[in-house]
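Coordinates in review
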Amino acid sequence: PTQFSIEPGGFVDVQYVVNVPEDFTGSRWIAFLTRAEGGEPAAVQEQRQADGTSIQFRFQVVYRTLLVVTAKGTEEPRASLLSLRRVIDGDSTEFHVVVRNDGNSFFRASGRVEIRDASGQAVKTYSLARRGLLPGHFGTLVADAGEMGLAQGEYLALAIVDFEGDHLIAGQLRFRIE
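Residues numbered from 1 in each chain as written. Predicted model: local features only at pLDDT ≥ 70, side-chain atom pairs only at ≥ 80, totals over all residues. Heavy atoms only, no water.

Quick look at the sheet that holds strand 9 (residues 138–146) now. Sheet strands line up and pair through hydrogen bonds in the backbone, either parallel or antiparallel. Pairing in this open sheet of 3 strands is antiparallel, and the strands run 5-6-9 from one edge to the other. The open sheet has two edge strands with one neighbour each: strand 5 (79–89) and strand 9. Mean inter-strand twist for the sheet, computed between neighbouring axes without regard to direction, equals 20°. Two elements, strand 6 (residues 92–101) and strand 9, share 8 bridges in a ladder whose sense is antiparallel. When the bridges of strand 9 are listed, H96 appears paired with V142. (Pairing = 2+ DSSP bridges. Helix = DSSP H or I, 4+ residues; strand = E, 2+ residues; numbered from the N terminus. Axes fitted to C-alpha atoms, helices over the stretch in contact; angles between N-to-C directions.)

Structural data, given as structure tokens:
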């Protein structure tokens, strides 16, 4: 069925068939969306066009489940590190690393941010939270540095990301502790 209802605490078995063409390469995905039946939309917005047509947007809480199919052996993993930012909130610091999946298959990116002092020595290392990325999509990996506890001076943040390819990607950011 494409649409069905489930009582609270109940369940329904859903079966599906995926036919993979012979020339299939990389990853493809499908999203299953679920929402509460009869729930009122959180917001409704309507836009009227000059030609008399109208577009109505209804916003509801929806849960998404992804099914990813990958033809093993056809993956061509590629990724780009688009940006590295230091985000300060009070005494707490995070490093945000934006990565784009430029390849043809799904991957789970992970890595670390190394903090190096003026002499190039690594003085701190923070893990980047692992994140899955679909082909053509981008996402932000976050390293929670908390209270860094660094002395005054110049530092280099070096983000190193493993995207399950045959090499790593990296980006750097210079910053100063006053």
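That shown, we press on.
Once that is clear, we can look at the environment of E164. For E164, the position within the fold is in the loop between strand 10 (153–162) and strand 11 (168–177). According to the relative accessible area criterion, E164 is partly exposed, its value standing at 43%. Here the alpha-carbon distance between E164 and G149, two residues 15 residues apart in the chain, equals 32 Å. Dropping the residues within four chain positions of it, E164 is found in contact with P77, F106, F107, R108 and R130. (Buried < 20%, exposed > 50% of the residue type's maximum accessible area, 1.4 Å probe, protein only. Contact = heavy atoms within 4.5 Å.)

Quick look at the nonpolar core now. Ranked by internal contacts, the top residues of the largest apolar core, which has 25 residues, are F95, V97, V113, I115 and F175. Put simply, the parts of the chain that give this core at least two residues each are strand 5, strand 6, strand 7 (107–116), strand 8 (122–133), strand 9, strand 10 and strand 11. Ignoring sequence-local partners within four residues, the contact set of V97 consists of L81, S83, L84, V113, L128, G139, T140, L141, A159 and V161. (Core = buried A, V, L, I, M, F, W, Y, C linked by side-chain atoms within 4.5 Å.)

Right, let's get into the sheet that holds strand 11. The antiparallel open sheet is built from 4 strands, whose spatial order is 8-7-10-11. Edge positions in the open sheet fall to strand 8 and strand 11, since each of these has one partner strand only. Within this sheet the neighbouring strands show an average axis-to-axis angle of 20°, counted without direction. Here strand 7 pairs with strand 10 via 7 bridges, running antiparallel.

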